[in-house]
Amino acid sequence: TNTESSIDGSTIKISWSSPKDADSDVKYLVLKNTVGGLPLYKLTKDETKLYEGSDLSVKDVNISEGTIYYYTVFAYYGSGSYSPGSFIGVKKEGQ
């Protein structure tokens, strides 16, 4: 998946493309953290689940100025097979 971001006010929008080999039952898991690093597809104490479903974008609201947010998008199939994560870091700069 190819991951991109945009910021509008206090909202970060994360969007991604579907894997080339994706079929109709592909779902996506988006994890968020503020400590960095590429997480596994399982939650740890540092990550929160921002989204899980079939859409190709998600909005993260009420972000804080000056904080770097890290997002990892995983594609997965009903068989439990996960893609390697696509990672992006986003920071809202001051006015």
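Structure: above.
In this convention, every chain numbers its residues from 1, walking through the sequence in written order. Reporting in this predicted model follows two pLDDT cut-offs: at least 70 for local features of residues, and 80 or more for side-chain atom pairs to be given and counted; totals over whole chains, interfaces and linings ignore these cut-offs and use all residues. Heavy atoms throughout the structure, all of them, feed into the side-chain values; hydrogens and water do not.

Draft legend 1. Quick peek at the pattern of salt bridges. Whenever a carboxyl oxygen of Asp or Glu lies within 4 Å of a side-chain nitrogen of Lys or Arg, that contact is scored as a salt bridge. In total, this model carries two salt bridges according to the counting rule given. The salt bridge partner of K32 is D60, with a shortest N-O separation of 2.8 Å. Pair noted here: K32 is in strand β3 (residues 27–33) and D60 is in strand β5 (residues 57–61), with a separation of 28 residues, a long-range link. A salt bridge links K49 to E52; the nearest nitrogen and oxygen atoms lie 2.9 Å apart. Helix and strand assignments come from DSSP, with helices taken as H or I runs of at least 4 residues and strands as E runs of at least 2, each series counted from the N terminus.

Draft legend 2. Here's a closer look at the pairing of strand β7 (residues 86–91). In this scheme, a residue with accessible area under 20% of its type's maximum is buried, one over 50% is exposed, and one in between is partly exposed, where area comes from a 1.4 Å probe on protein chains only. The alternating pattern of β7 places S86, I88 and V90 on a buried face, while none of F87, G89 and K91, on the opposite face, is buried. Strands pair, by our definition, only if DSSP identifies at least two bridges between them. Pairing of strand β6 (residues 68–76) with β7, which is carried by six bridges, proceeds in the antiparallel orientation. Across the sheet, Y71 pairs through a bridge with I88, a residue of β7.

Draft legend 3. Layout of the side chain of K92. In this structure, K92 sits in the segment after β7. When charges are counted, Lys and Arg contribute as positive and Asp and Glu as negative, whereas His and the chain ends are disregarded. E65 is the oppositely charged side chain nearest to the buried, salt-bridge-free K92, at an N-O distance of 4.6 Å. Any pair of N or O atoms that falls within 3.5 Å is considered a polar contact. Within protein, one atom must be able to donate a hydrogen and the other to accept it, and sequence-neighbouring residues count only if both atoms are side-chain atoms. A polar atom in the side chain of K92 sits 3.0 Å from the backbone oxygen of G9.

Draft legend 4. Seen up close, the sheet that holds strand β4 (residues 48–53). One open sheet holds the four strands; their spatial order is β4-β3-β6-β7, and the pairing between them is antiparallel. Whereas interior strands pair on both sides, the edge strands pair on one side only; in this sheet they are β4 and β7. With strand direction ignored, the average angle separating the axes of adjacent strands in the sheet is 20 degrees. Between the N-to-C directions of two axes lies an angle of 0 to 180 degrees, each axis being a line fitted to C-alpha atoms and, for a helix, fitted only over the stretch in contact.

Draft legend 5. Broad picture of unusual backbone geometry. The residue N62 is not glycine, and still its phi comes out positive at about 60 degrees. Relative to the assigned elements, N62 resides in the loop between β5 and β6. Classification of N62 as exposed rests on a relative accessible area of 64%.

Draft legend 6. Looking closely at the packing of aromatic side chains. Pairing of aromatic side chains here covers Phe, Tyr and the six-membered ring of Trp, requires ring centres within 6.5 Å, and sorts the geometry by plane angle: under 30 degrees stacked, over 60 edge-to-face, intermediate tilted. What the rule picks out here adds up to four aromatic pairs. Seen from their ring centres, W16 and Y51 are 6.2 Å apart, and the 45 degrees between their planes marks the pair as tilted. Placement of the pair is W16 in strand β2 (residues 11–16) and Y51 in strand β4, with a sequence separation of 35 residues. Classification of Y51 by relative accessible area gives buried; the value is 16%. Between Y70 and F87, the ring centres sit 5.7 Å apart and the planes meet at 5 degrees, which makes this aromatic pair stacked. With Y70 in strand β6 and F87 in strand β7, the pair connects residues that are 17 residues apart, well separated along the chain. A residue is classified by how much of its surface remains accessible, and F87, at 37% relative accessible area, is partly exposed. Taken together through their ring pairs, the aromatic side chains of W16, Y28 and Y51 make up a single cluster.

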